[in-house]
Amino acid sequence: MKTFLFALVGALALTQGLLSAPSAGEGPGTATVVEKPLAAPAPAAAPATAPAMPVDASAQSIVLAGSSTVGASKPHYITTATIRPRSSKGAGARLGSATKGYKVWGTGKTSKGYTQIKFLGRTGWVKSNQLKRLVVAKYTAKQSTVLRSKANGGKKLATIGRDYTLGTVDNARNKSRSWVRVQYKGKTGWVALKHVKKASLGKAVGPGTRTYSDAAWSKAVSKNISRYCPRTTVRVSHRKNEYYAQSSPRRITLSRVGHPDPNAAPIKAVALHECAHIMQFKAYPRGFSKLVRHAEKINPRRDGYGIEHLADCMSDSMGAKRSGRLADGSTYYTGYHGKCSSTQKRAAAQLIAGKRPA
Ligand SMILES: [Zn+2]
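Residues numbered from 1 in each chain as written. Predicted model: local features only at pLDDT ≥ 70, side-chain atom pairs only at ≥ 80, totals over all residues.

As named in an unreviewed UniProt entry, the protein is SH3 domain-containing protein, taken from Paeniglutamicibacter psychrophenolicus.

Structure below.
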């Protein structure tokens, strides 16, 4: 296959200080777009201010609805709005207030759209829709295991991969205390306790580093970009922040360090950004210095990253979410930041359609 060395590659790499020597097997004429390190997820936002109050963290046994009595932790909630608990459901003495983001423990009682909570050492009622239930314990699968509709049996609801961390909002056990009730991808079911181990509450829910093999991880990423970049090899890297696209052989390399879940929004966005470079290579098979010049000309930031911003704009229209909030509340950013101008969007659409904007 014919390969081309693009002047861009060196320039980009110098700016970013990141051009790695071509790895073994690559021809000297291979074009490679090496990415600068992506921003690490920012720490979780501080919860909304709430009056400092002691939180009763003790667990007790409660009766949950259903056929059997199980031991379970008290429910823990975070408020989704300002709450003004009252001694009765929608009536009675006012016990005070707490702002959105305040954490409270429930008693386990709910009735007609109201939930009973412990508040300032007293018992009060608030509207259930002002509370969101919090995970009270986490477990990591020691092996692949099955989520079942009942303890000890019932319907198979899902297969949970090894090293996957699950949360539970009630930590309920069955009578023999050999199964625990958990939440998995929006489903509530039971897993055998012998297949899981207790994890710290700070551990993120989701796949662990051993949940996906490299092959399975690569396959999942390939699937996520297949609409735009079919038959593009996804090579898995174990070097932190190593992301690049090559024109020949046509492939992308993505670091899975810090990205155990190939379907998580940040890695989807990075994969689509690299796919965008592959499409840029395709539209300019004889070298895309012309595109580089044009991309910088229409780059409102004029920061030398025109081609990168253009790849970001392409990834946007391919469905990438370049920034957002993860399940654990932390925020993430991928790509080179910044909104796309209408001119950039137009160029991105042309490239996606296989046309040349310049
Ligand atoms: Zn890039």
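J.: Tell me what's going on with the overall build of the protein, and back it up with residues and numbers.
T.: Along its length, the protein carries six helices and 20 strands. Residue pairs in contact within the protein that sit at least 24 positions apart in sequence constitute 61% of those at least 6 positions apart. (Helix = DSSP H or I, 4+ residues; strand = E, 2+ residues; numbered from the N terminus. Contact = placed C-beta atoms within 7 Å.)

J.: An account of helix α3 (residues 265–283) is requested, with residue identities and associated values reported.
T.: With 19 residues, α3 extends 27 Å between its outermost C-alpha atoms, agreeing within 8% with the 27 Å of an ideal straight helix rising 1.5 Å per residue. Here α3 lies mainly inside the structure; 16 of its 19 residues are buried. (Expected span 1.5 Å × (residues − 1). Buried ≥ 20, exposed ≤ 12 C-beta atoms within 10 Å, placed from the backbone.)

J.: Describe in detail the sheet that holds strand β17 (residues 243–246), supporting the description with residues and values.
T.: Strand order in the open sheet made by the four strands is β1-β17-β18-β16, with mixed pairing throughout. Of all strands in the sheet, those with a lone pairing partner are β1 (32–34) and β16 (233–237), marking the two edges. Neighbouring strand axes in the sheet, compared pairwise and without regard to direction, differ in orientation by 15 degrees on average. Summarising the sheet, β16 and strand β18 (residues 251–255) pair through five bridges and their orientation is parallel. In the sheet register, T233 faces β18, and the bridge partner there is R251. Most of the contacts of helix α2 (residues 214–225) go to β16, to which it runs at about 135 degrees, and overall it touches β16 and β18. Along the sheet, α3 contacts β1, β17 and β18; its crossing angle with β18, the most-contacted strand, is approximately 155 degrees. (Pairing = 2+ DSSP bridges. Axes fitted to C-alpha atoms, helices over the stretch in contact; angles between N-to-C directions.)

J.: Go over helix α6 (residues 342–352) with me, naming the residues and quoting the values.
T.: Residues Q344, A347, A348 and L351 constitute the buried set of α6. An end-on view of α6 places all buried positions within 105 degrees of arc, on one side of the element. Contacts from the buried residues of α6 go to α3 and α5 (306–317). (Arc of directions from axis to C-beta.)

J.: Now, about unusual backbone geometry: what can you tell me, with residues and values included?
T.: A cis geometry characterises the amide bond from S248 onward to P249, with omega recorded as 0 degrees. The residue P249 is located in the loop between β17 and β18 in this model. In this structure, N241 is a non-glycine residue whose phi angle is positive, near 60 degrees. Its place among the elements puts N241 in the loop between β16 and β17.

J.: Any chance you could break down the environment of R162 for me, citing the residues and the numbers?
T.: Among the secondary structure elements, R162 is positioned in the loop between β11 (153–160) and β12 (165–168). When the C-alpha positions of R162 and T145 are compared, they lie 7.3 Å apart, and in sequence the two are 17 residues distant. Sequence-distant contacts of R162, defined by excluding residues within four places in its chain, comprise A141, K142, Q143, S144, R210 and T211.

J.: Go over the packing of α2 against α3, please, and point to the residues and values.
T.: In contact at an axis separation of 10 Å, α2 and α3 are set at 65 degrees when each is read in the N-to-C sense. Relative to α3, the crossing made by α2 is right-handed. Here V221, N224 and I225 of α2 come into contact with α3, specifically with I267, K268, A271, L272 and C275. Per-class residue counts for the contact of α2 with α3 are six nonpolar, one polar and one charged. (Left-handed = near helix turned anticlockwise from the far one by under 90°. Nonpolar A, V, L, I, M, F, W, Y, C, P; charged D, E, K, R; others polar.)

J.: I'd like a rundown of the packing of α5 against α6, residues and numbers included.
T.: One way to put it is that α5 packs onto α6 with a least axis distance of 9 Å and a crossing angle of 70 degrees. Classified by the interaxial angle, the pair formed by α5 and α6 is roughly perpendicular. Contacts from H309, L310, C313, M314 and S317 in α5 reach Q344, K345, A347, A348, A349, L351 and I352 in α6. Looking at the contact of α5 with α6 residue by residue, the class counts come to eight nonpolar, three polar and one charged. (Parallel < 35°, antiparallel > 145°, perpendicular 65-115°, else oblique.)

J.: Residues and numbers for the nonpolar core, please.
T.: Grouped together as the largest cluster of nonpolar side chains are 38 residues, with contacts concentrated most on L254, A271, L272, C275, L310 and M314. The set of elements that each furnish at least two residues to this core consists of α2, β17, β18, α3, α4 (289–297), α5 and α6. Among the elements that take part in this core, α3 stands out by supplying ten residues, more than any other. In this structure, Y139, A141, V191 and V196 belong to the second largest nonpolar core, which totals 15 residues. (Core = buried A, V, L, I, M, F, W, Y, C linked by C-beta atoms within 7 Å.)

J.: Which residues make up the confidence of the model for the protein, and what values do they have?
T.: When pLDDT is averaged across the protein, the result is 83; 81% of the residues are at 70 or more. Between the elements of the protein, mean pLDDT differs from a low of 28, seen in helix α1 (residues 7–16), to a high of 98, seen in α6. The low-confidence segment residues 38–69, where pLDDT is below 50, has 44 contacts with residues more than four positions distant or belonging to other chains. (pLDDT = per-residue confidence, 0-100.)

J.: Account for the pairing of strand β9 (residues 137–141), with residues named and values stated.
T.: One ladder, built from four bridges, connects β9 with β12; its direction is antiparallel. For Y139, the partnering residue across the bridge sits in β12 and is L166. Strand direction decides the pairing type here: β9 and strand β15 (residues 196–199), joined by four bridges, are antiparallel. Its bridge partner being in β15, Y139 is matched across the sheet by K198.

J.: Tell me about the environment of A353, and please be specific about residues and values.
T.: Following the sequence through the fold, A353 ends up in the segment after α6. Taking the C-alpha atoms as reference points, A353 and Y228, separated by 125 residues in sequence, lie 9.8 Å from one another.

J.: Give a detailed account of the environment of C340, specifying residues and quantitative values.
T.: With respect to the helices and strands, C340 occurs in the loop between β20 (331–333) and α6. Note: C-alpha distance between C340 and C313 (27 residues apart in sequence) is 5.9 Å. If sequence neighbours within four positions are ignored, C340 has contacts with C313, D316, K345 and A348.

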